[in-house]
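# A structural walkthrough
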Amino acid sequence: MSANDKTRHIVIFDTTLRDGEQAPGCSMNLQEKIEVARQLEKLSVDVMEAGFPASSPGDLESVKIIAGIVRNSIVAGLCRCREQDIDAAREALAKAVSPRVHVFLATSPIHMEYKLRMTPDQVLAASVEYVKYAKKFCSDVEFSAEDAFRSEPDFVCKVFGEAIKAGATTVNFPDTVGYAMPGEFGERIRYIKEHTPHIEKARLSVHCHNDLGLAVANSISAIRNGADQAECTVNGIGERAGNASLEEIVMSLRVRRDLLAADTGIDSTQIYAASRLVSQVTGVKVQPNKAIVGDNAFAHEAGIHQHGVMAKRETYEIMTPESIGIPRKAMVLGKHSGRHAFEDRLKDLGFALDSEILEILFAQFKDLTDKKKNVSDRDIEALVMDLSAAAPETWKLDQWAVNTGSALGAAGTIRLKHTNGETKKLVSLGDGPIDSIFKAINGIIGKEPELELYEIGAITGGSASQGETMVRILWKDRYYNGHGVSTDVIESSIKAYLSAVNAMEYETGTSGRTAAEQRSPSGNRKQENG
Ligand code: KIV
Ligand code: ZN
């Protein structure tokens, strides 16, 4: 498709680490957030919203650390119209190369009356006051009119106009409750663009939620009608039905640049890795038929389709898997594959890993080839994911055994090693093999977290496939995710449970870390944000 000279650059504002992370069950620990931030930078997102610094000490700390690491994307922190929120953002963003303060206040009648208990005049005055306050230390200020779509359009224009006068460089129009239809949302954006005073001095952004499954359609419609920035999350994670999905917006613009005359600066070949990483660290699986990144997105089952694709790919494919970073099928790796072949495959899969990690991975890969004849890309990805975002291992699996049968319940025995050198062994009875072994682990660690999620699946087809387990536990109002892979399903469950336990130990400071490390918490909380 030929490049269009008039192609507009659409700013991608990723909020996976803020709006995405605040969704039920999507919380991430500090290490996981750092991994995701690094991947977002590889994607080349223009802006990443790293968190809501005033919402918890953990969020403040994680925004601070991410702001110190990220070099090429703008790092944003969310704030209510309150001095302490903006002060917290100032502290958190102090080390950012390109900081952005994101201030929000609701403008819809229902929010102003029942949530804020403020009059429209008070909302207008507060918007101006806090944009000015943020502007004192940050030149890049975004103002969001929460629930803008259900607000009086002329009131939003007025608030946006005053916010721009006060120094806002981006004004954001959210459909907070996902109520809009694409046509009317586009028309509204055009209206706002045409009627907001001084709009030429700011970017107009949209932030769509997916309650009716229309978040991406609404975002695209807004872009067609003049929006300059789209807010979105990887895999569309977010409150309730989620936010607009980054990969769908980006690929819609790329594939239909002929029609939309707009594109982003996203490196689309990093999309697949980003999707896998976010799914892995949140424990939230991507539905198989999800556009762009679902397992079936490029699968052709019907014979007639397969025949067509083999004859000419474009018969049934509008983009290539490679364009989003799904590697071409390569030779299958196995027992006789050497380090070179393994490292090359990792590179093809988009992983740039340091030599220490490579060493560990290669050993794990070799172990796996002893148990499994053919090692697939998904097997390799699972090994990498297992290693990269995991918390330090306070408890390491040493040995395990389970006796189980049809009527008598199960007895699980486990031996764990603590980082302090201690080894502990326990036997527990349970309703089944997993119950007995998890109880034995709880006995050793001396805690009984609630098991919120336990999911097991096969990575590839066939009985020799590796089992992949996702676990989420709840302890003292916080969620911790764990992931495990093994050719033995009980072992993959143990690994997943232990990785969640290790995340919990790391967070709660019982991991034997130094006091300074213990002060580095995460925003892995179960509370409501903006
Ligand atoms: O959905 C929403 O309105 C938000 C704002 C804070 C931008 O997330
Ligand atoms: Zn939102």
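Residues numbered from 1 in each chain as written. Chains lettered and ligands numbered in written order. Predicted model: local features only at pLDDT ≥ 70, side-chain atom pairs only at ≥ 80, totals over all residues. Heavy atoms only, no water.

### Focus on the overall build of the chain
The secondary structure content of the chain amounts to 19 helices and 18 strands. A globule of 530 residues ought to have a C-alpha radius of gyration of about 24 Å, and the chain, at 25 Å, matches this closely. Seen through its C-alpha atoms, the chain measures out along the principal axes to roughly 70 × 60 × 45 Å. In the chain, the proportion of contacts linking residues at least 24 apart, taken out of those at least 6 apart, comes to 67%. (Helix = DSSP H or I, 4+ residues; strand = E, 2+ residues; numbered from the N terminus. Rg over C-alpha atoms; globule rule 2.2 N^0.38 Å. Contact = heavy atoms within 4.5 Å.)

### Some thoughts on the nonpolar core
With 114 residues, the main nonpolar core has Ile12, Met48, Phe143, Phe160, Phe173, Phe185 and Ile249 as its most contacted residues. In terms of residue count, helix α7 (residues 153–166) provides more of this core than any other element does, eight residues in total. Split by domain, this core shows at least three residues from each of two domains, domain 1 (8–282) and domain 2 (303–388). Setting aside its immediate chain neighbours within four residues, Phe160 contacts Phe143, Ala145, Val171, Asn172, Phe173, Ile192, Thr196 and Leu204. Ranked by size, the runner-up nonpolar core spans 25 residues in total, among them Leu416, Ile441, Ile444 and Ile445. (Core = buried A, V, L, I, M, F, W, Y, C linked by side-chain atoms within 4.5 Å. Buried < 20%, exposed > 50% of the residue type's maximum accessible area, 1.4 Å probe, protein only. Domains from an automatic or database assignment.)

### Quick notes on the side chain of Asn442
Among the secondary structure elements, Asn442 is positioned in helix α17 (residues 433–445). Reaching out from Asn442, the side chain makes a polar contact with the side chain of Tyr497 at a distance of 2.6 Å. Excluding residues that lie within four positions of it along the chain, Asn442 makes contacts with Lys447, Glu448, Pro449 and Tyr497. (Polar contact = N/O pair within 3.5 Å; in protein donor to acceptor, adjacent residues only side chain to side chain.)

### Remarks on the sheet that holds strand β17 (residues 467–475)
With antiparallel pairing, the three strands of this open sheet are ordered in space as β16-β17-β18. Edge positions in the sheet fall to β16 (450–458) and β18 (478–486), since each of these pairs with one other strand and no more. In this sheet, neighbouring strand axes are inclined to one another by 15 degrees on average, regardless of whether the strands run parallel or antiparallel. Relative to β18, β17 runs antiparallel, the two being bridged by nine bridges. Counted as the bridge partner of Gly467 is Ser486 from β18. (Pairing = 2+ DSSP bridges. Axes fitted to C-alpha atoms, helices over the stretch in contact; angles between N-to-C directions.)

### Re the site of ligand 1
As a matter of local geometry, ligand 1 sits amid Arg18, Asp19, His102, Phe104, Ser144, Glu146, Asn172, Pro174, Thr176, His207 and His209. Contact between ligand 1 and His209: an oxygen atom at 3.0 Å from a side-chain N or O atom of the residue. Those elements giving two or more residues to the shell around ligand 1 turn out to be α1 (16–20), β5 (99–106), β6 (141–146) and β7 (170–175). In terms of residue class, the shell around ligand 1 is built from two nonpolar, six polar and three charged. (Near = heavy atom within 4 Å. Nonpolar A, V, L, I, M, F, W, Y, C, P; charged D, E, K, R; others polar.)

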